[in-house]
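For reference, the chains in residue letters:
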Amino acid sequence: MRRAVFDALALPGRFPHTSALADVTVAEALGEARVLVIDEAQRLPVPCLEYLQSLPREGSWHGGR
């Protein structure tokens with residue numbers, strides 16, 4: 001799911017090789033004004049939905065690398 005979100009946001013560079021770095025990269029990107037549309041979300045397994053729910057919303061990410 002992390003890779004799918006990374007790709008959907010068209011983030012530059014290579015996908016990070018750890019889940020923690022991937023989460024930071026995605027969270028930083030979502031700190032900017034972006035829209036992430038999830039089609040057929042009702043078919044996603046619970047862990048994927050929980051991951052999506054854990055993503056920060058615009059303006060809520062104040063972290064750094």
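Above this text sits the structure in question.
Counting starts from 1 at the beginning of each chain's written sequence and moves along it residue by residue. A pLDDT threshold of at least 70 governs which residues receive local features in this predicted model, and a stricter bar of 80 or more applies before side-chain atom pairs are shown or counted, although totals over entire chains, interfaces and linings include all residues. Note: side-chain values were computed over all heavy atoms of the structure, leaving out hydrogens and water.

Asks: Could you give me a rundown of helix 2 (residues 19-30), with the residues and numbers involved?
Replies: In DSSP terms, a helix is any run of H or I states spanning at least four residues, a strand is any run of E spanning at least two, and both are numbered starting from the N terminus. Each helix should span, by expectation, one fewer than its residue count multiplied by 1.5 Å. A rise of 1.5 Å per residue sets the reference length of helix 2, with its 12 residues, at 16 Å; its end C-alpha atoms lie 16 Å apart and thus fit the reference within 8%. The buried label goes to any residue with under 20% of its type's maximum accessible area, the exposed label to any with over 50%, and the partly exposed label to all in between, with areas taken from a 1.4 Å probe on protein chains only. Regarding helix 2, the residues found buried are Ala22, Thr25, Val26, Ala27, Ala29 and Leu30. Buried residues along helix 2 sit in contact with helix 1 (2-8) and helix 3 (46-54). For this analysis, residues touch if any pair of their heavy atoms sits within 4.5 Å.

Asks: Let's hear about the pattern of salt bridges: which residues, and what values?
Replies: Side chains that carry opposite charge are capable of pairing whenever their charged atoms lie near each other. Salt bridge, as applied in this entry: a Lys or Arg side-chain nitrogen positioned within 4 Å of an Asp or Glu carboxyl oxygen. Within this structure, the stated rule accounts for 3 salt bridges. Residues Arg2 and Asp23 are paired through a salt bridge, measuring 2.7 Å at the closest nitrogen-oxygen approach. Taken together, the residues Arg2 in helix 1 and Asp23 in helix 2 connect sequence positions 21 residues apart. Its relative accessible area of 31% is what places Arg2 among the partly exposed residues. Asp23 gets classed as partly exposed once you look at its relative accessible area, which sits at 27%.

Asks: Outline the nonpolar core, supporting the account with residue identities and numerical values.
Replies: Side-chain atoms within 4.5 Å are what join buried Ala, Val, Leu, Ile, Met, Phe, Trp, Tyr and Cys residues into a set we call a nonpolar core. Core analysis: the largest hydrophobic core is formed by 10 residues, namely Val5, Phe6, Leu9, Leu11, Val26, Ala29, Leu30, Tyr51, Leu52 and Leu55. Of all the elements in the fold, those that place two or more residues in this core are helix 1, helix 2 and helix 3. Per-element tally for this core: the top contributor is helix 2, with 3 residues. When sequence neighbours within four positions are dropped, the list of residues in contact with Tyr51 reads Met1, Arg2, Val5, Asp23 and Val26.

Remember that the coordinates give geometry; whether it matters functionally is a separate question.
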